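Fold and contact review
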Amino acid sequence: MSDGPGYPLRQVLPAEVLVGGNAVWSRYRQYPVFSARWLAGRSLLFCSVLAVVTAFTGAGVGLATRDPLIGAKAGLAQLVAFSLMAMLGPALATVVRHRRWPESRERKAVVLAVLAGMVLSYGIDKVASGYVMSLVNPQLTALGMVPPKAAEAGMVLKAFGLALNIAALIVVYGLFGGGLALRAYFSERRRWDEHRHARRLDEMTGRVREADLRLGVLQAQVEPHFLFNTLASVRALVRQDPAQAEATLDALVAFLRATIPKLRDDTGLHSTLGQQLDICASYLALMQVRMGGRLSYSVDADAALRPLPFPPSLLITLVENAIKHGIEPRPGPGRIEVAAVCQGDRLRVRVGDDGAGLQPGIGGGMGLANVREQLAHRFGARARLSLEPANGNGAVAQIELPLDALAGAAA
């Protein structure tokens, strides 16, 4: 479940984004930096360590002042102060992240939150130190253990001491108070962006593979039907016209030799326009024999276009539609023309017939729907399938593809 824009803050990070976090004391790092669960785990770890450290510090103060109560108060003050110093910046940044602001705004706000925590931590440290000294100094004075004041330092030593104090503040408050967590936050965001980009690529690849599988299912449905019809026509011709039956079988063998190795390509990445045009030519030759010679056809394309990658089975689907809905319903001779041309930055592949023309319901069948789906999966809105009436009789189906996308597929 997502908590808003970006990625979920309540779930364990994906393995591709996660860094470390296997040890018991660092399991909080399995959650996004500056998330509620990350903050809770970090707070528990830091406070546990600080409790041990301040316990020893308080014991030392109690021994030095010879008053266990003063030692306990000093240790408790240090524990509260150090815990706030360690948690304040990250806590403010956690509040910012759970606001679920846009990414650019969140990044800036997280940095400001950590810096604000550092400034507040400095004030908390000064207050706690003053409180501890107010407890310790009177007791040490009463015991005669307060060291004499050092001689007044010169300007150079003062400047040097100030520089050391600033450096110490940056290291202590910057790293201890959230600086390292801030670095981890930006590193995690970068890894998440890379993971999200890779996931999108995987999803796109998966959609193309799914489309190829659907195409394979369609082929598995169409090919047996086509073969059965052809063999049935051969069976009918064996007695009536043996020569015609033999010519049909020869054409069928030529068609299968041309199509089976290419139609069974697993991905379609190696299918070219030339191969698909050859499949259409062999299919039309077979149909010409089956239809007793009343079909004529042409398949034309410039030689420079034939090596271009072209999705399998799309073009043959348009040719099959032209036979089924254009030539077969109309008595007498018919013609189908297949042509591929390059116009500007587009490849246009055209299948035209002079058959029965567009009838109600044509254009909404499974074959054309599959062609549109394949084009959408592979090329998005940049590809187009059109089906229009031809001049006179018949219809024209045309596929338009962007040449740069085809060239990219070839690379």
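Heads up: these notes are all about the structure in this document.

Thresholds, definitions, all that
Residues numbered from 1 in each chain as written. Predicted model: local features only at pLDDT ≥ 70, side-chain atom pairs only at ≥ 80, totals over all residues. Heavy atoms only, no water. Helix = DSSP H or I, 4+ residues; strand = E, 2+ residues; numbered from the N terminus. Buried < 20%, exposed > 50% of the residue type's maximum accessible area, 1.4 Å probe, protein only. Contact = heavy atoms within 4.5 Å. Areas by Shrake-Rupley, 256 points an atom, 1.4 Å probe, with all protein chains shown as cover. Core = buried A, V, L, I, M, F, W, Y, C linked by side-chain atoms within 4.5 Å. Axes fitted to C-alpha atoms, helices over the stretch in contact; angles between N-to-C directions. Parallel < 35°, antiparallel > 145°, perpendicular 65-115°, else oblique. Pairing = 2+ DSSP bridges. Right-handed = clockwise from strand over helix to strand, strands pointing away. Expected span 1.5 Å × (residues − 1). Arc of directions from axis to C-beta. Nonpolar A, V, L, I, M, F, W, Y, C, P; charged D, E, K, R; others polar.

This part is about the overall build of the chain. In terms of helices and strands, the chain carries nine helices and five strands. Secondary structure elements of the chain, listed N to C terminal, follow the sequence α-α-α-α-α-α-β-α-β-β-α-β-β-α. When the 411 residues of the chain are sorted by exposure, 38% land in the buried category. Contacts in the chain between residues at least 24 apart in sequence constitute 72% of all its contacts with a sequence separation of at least 6. Of the accessible surface of the chain, which amounts to about 22,700 Å², a share of 63% is contributed by carbon and sulfur atoms.

Turning next to the nonpolar core. Ile336, Leu347, Leu375 and Ile399 are the most contacted members of the largest nonpolar core, which totals 42 residues. Every element with two or more residues in this core is listed here: α5 (242-263), α6 (273-290), α7 (314-327), β2 (334-343), β3 (346-353), α8 (366-379), β5 (395-402) and α9 (403-410). In terms of residue count, the dominant contributor to this core is α6 (nine residues). Not counting residues up to four positions away in its chain, the partners in contact with Ile336 are Leu284, Leu295, Ser296, Tyr297, Ser298, Val319, Ala322, Ile323, Ile327, Val351, Gly352 and Asp353.

Any two packed helices are characterised by how steeply their axes cross, that is the angle between the axes, and by the distance between the axes. As a packed pair, helix α1 (residues 36-65) and helix α3 (residues 103-142) sit with axes 9 Å apart at the nearest point and diverge in direction by 30°. With respect to each other, α1 and α3 are oriented roughly parallel. Only Val136, Gln139 and Leu140 of α3 make contact with α1, whose side of the interface consists of Val61, Ala64 and Thr65.

The next point concerns the pairing of β2. Strand direction decides the pairing type here: strand β1 (residues 295-301) and β2, joined by seven bridges, are parallel. Within the sheet, the bridge partner assigned to Ser296 lies in β2 and is Arg335. Remark: the β1/α7/β2 crossover connection has left-handed handedness. Bridge count between β2 and β3: eight bridges; the pairing is antiparallel. Within β3, the position partnered with Ala339 by the bridge is Arg350. Connecting β2 to the antiparallel partner β3 that follows it, the hairpin turn spans two residues, and Gly344 within it adopts a positive phi of roughly 65°.

Pairing is mixed across the open sheet formed by five strands, whose spatial order is β1-β2-β3-β5-β4. Each edge of the sheet is formed by a strand with only one pairing partner; in this case those strands are β1 and β4 (384-389). With direction set aside, neighbouring strand axes in the sheet form an average angle of 15°. Across six bridges, the pairing between β4 and β5 is antiparallel. When the bridges of β5 are listed, Leu385 appears paired with Ile399. The sheet contacts of α6 involve β1, β2 and β3, and relative to β1 the element is tilted by about 170°.

On to α8. In a regular helix each residue adds 1.5 Å, so 14 residues correspond to 20 Å; α8 covers 20 Å between its end C-alpha atoms and thus fits that length. Listing the buried residues of α8 in full gives Gly367, Leu368, Asn370, Val371, Gln374, Leu375 and Phe379. The buried residues of α8 all sit within an arc of 155° when viewed along its axis, so they share a single face. One or two steps after α8, the chain reaches Gly380, where phi turns positive at roughly 65°.

Let's shift gears to unusual backbone geometry. Note on backbone geometry: most residues besides glycine have negative phi, and most peptide bonds are trans. Although it is not a glycine, Phe34 sits at a positive phi angle of roughly 65°. By relative accessible area, which is 0% here, Phe34 ends up buried. Within the chain, Arg66 stands out as a residue other than glycine whose phi angle is a positive 60°. Assignment of secondary structure puts Arg66 in the loop between α1 and α2 (68-97). Its relative accessible area of 65% is what places Arg66 among the exposed residues.

Turning to the pairing of β5, a few remarks are in order. Along β5, eight of the eight residues are buried, which leaves the element largely enclosed by surrounding structure. Of the two faces of β5, the one lined by Ala395, Ala397, Ile399 and Leu401 and the one lined by Val396, Gln398, Glu400 and Pro402 are each fully buried. Alignment of β3 against β5, held across eight bridges, turns out to be antiparallel. If you follow Leu347 over to β5, its bridge partner there is Leu401.

The contact between α2 and α3 brings their axes to 7 Å, and the two run at 170°. Relative to α3, the element α2 lies roughly antiparallel. Residue composition of the contact of α2 with α3, by class: 22 nonpolar, five polar and four charged.

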